[in-house]
Amino acid sequence: MPPRRQRPRESPALVAFGRQMRRMREAKDVKQETIAHLTKVSGPQVSRIENGKKRATRSFVVAVDDYLEAGGSLISLWEDLNKDGHPVPIWFDWPQIEVDAAMLVCWQHSVIPGLAQTPAYALALLRGNQEAADARISRQAILTADKDSAPPIVALLLDEHVLHNPVGTPETMREQLEHLLELSLSPNVTVQVVLSSGEHEGVLGAFVVATMEDRSEIAYVETSIRGITTDNPADLSSLARTLFELRSQALSQEMSRELIRKVIEERWT
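The structure reproduced in this document is the subject of the present report. Each chain has its residues counted from 1, running along the sequence as written. Restriction of local features to residues with pLDDT of at least 70 applies here, the model being predicted, together with a cutoff of 80 or more for giving and counting side-chain atom pairs; totals for whole chains, interfaces and linings are based on all residues. Derived side-chain values reflect all non-hydrogen atoms in the structure, with water molecules and hydrogen atoms excluded from consideration.

Some points on the environment of L38
As a reminder, the rule being used: For helices the rule is a DSSP run of H or I covering at least 4 residues; for strands it is a run of E covering at least 2, with both sets numbered from the N terminus onward. The contact rule is simple, with two residues in contact once any of their heavy atoms fall within 4.5 Å.
Structurally, L38 can be placed in helix α2 (residues 32-39). Put simply, L38 and V64 are 26 residues apart on the chain and 7.9 Å apart in space, counted from C-alpha to C-alpha. Apart from residues lying up to four places away in sequence, L38 is in contact with A63, V64 and Y67.

The structure is reproduced here in structure tokens:
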């Protein structure tokens, strides 16, 4: 039985921004519904921003700052909380983004994505760090519905190499690929294999694109140093082009299952 879904702790930066925005709005006697109408997001989403549970986009902040006649102070605060204009915000909490996402599209070229890993595979990949492995597996609770929310739509695009790349023992790999097959039968999960060719931009790195309820997007990009998060339009546009190319080369879900079964039998049995 999957662990109960737990929401990550709130980001202090999100809380600080939300409180200041609420103060400015209430000082002008403006209702949340007005902000929602102005910015074309739902009332609950505005409430979540003010409560520090959701990150505001820059376009949202600019619109609110202008309407509240804040003189750029709200924009300045938003920029200060983004490392003084550094393109990678410090206050994206990726586990929180995963929890709130309506859709997650993941590309991996070397290992099974964290949301699809078995405990044994995760433990081997994390060099025996049980605490880190447990934390990774606990995030998979978002894949199943609970009484409060429906699970996100999840699309996993995997390079063929991932199926052959040994992590742990052969038994670990067989269990992992069998789990991947089982996961692909879930109504909200799609698993597709991209045949290895090295002739697409996906070889440059793994990433996940999260689409939120308000249709905004945030990406998590893996690097050799650390993972980074971004909602920069240029970054998202580049990732969208890569995904378009990858999907055009991907096997169908059923063909992907057949290939995974073949690899299990020929490589890991």
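What follows picks up the thread again.
Let's talk about the pairing of strand β1 (residues 103-108)
Strand residues, when the strand is regular, have side chains that alternate between the two faces of the sheet. Cut-off, in case you're wondering: When accessible area is computed with a 1.4 Å probe and restricted to protein chains, residues below 20% of their type maximum are described as buried, those above 50% as exposed, and intermediate ones as partly exposed. Strand pairing is assigned whenever DSSP detects at least two bridges linking the two strands.
Across the six residues of β1, five count as buried, placing the element largely inside the fold. With six bridges joining them, β1 and strand β2 (residues 153-159) adopt parallel strand pairing. Across the sheet, L104 pairs through a bridge with V154, a residue of β2.

Side note on the pattern of salt bridges
Side chains bearing opposite charge may pair, as long as their charged atoms lie close to each other. So the rule is basically this: Any carboxyl oxygen of Asp or Glu within 4 Å of a side-chain nitrogen of Lys or Arg constitutes a salt bridge here.
As enumerated under the stated definition, the model contains eight salt bridges in all. Note that R139 and E98 form a salt bridge whose closest N and O atoms lie 2.8 Å from each other. On the criterion of sequence distance, the pair formed by R139 in the loop between α8 (130-138) and β2 and E98 in helix α6 (residues 94-100) is long-range, its members being 41 residues apart. On the accessibility criterion, R139 (28% relative accessible area) is partly exposed. The exposure class assigned to E98 is buried, which follows from its relative accessible area of 4%. Between E254 and R261 there is a salt bridge, with the nearest N and O atoms lying 3.7 Å from each other. A residue is classified by how much of its surface remains accessible, and E254, at 38% relative accessible area, is partly exposed. Members of the salt-bridge network, linked through shared partners, are R22, R25 and E50.

Function cannot be read off these values alone, since they describe shape.
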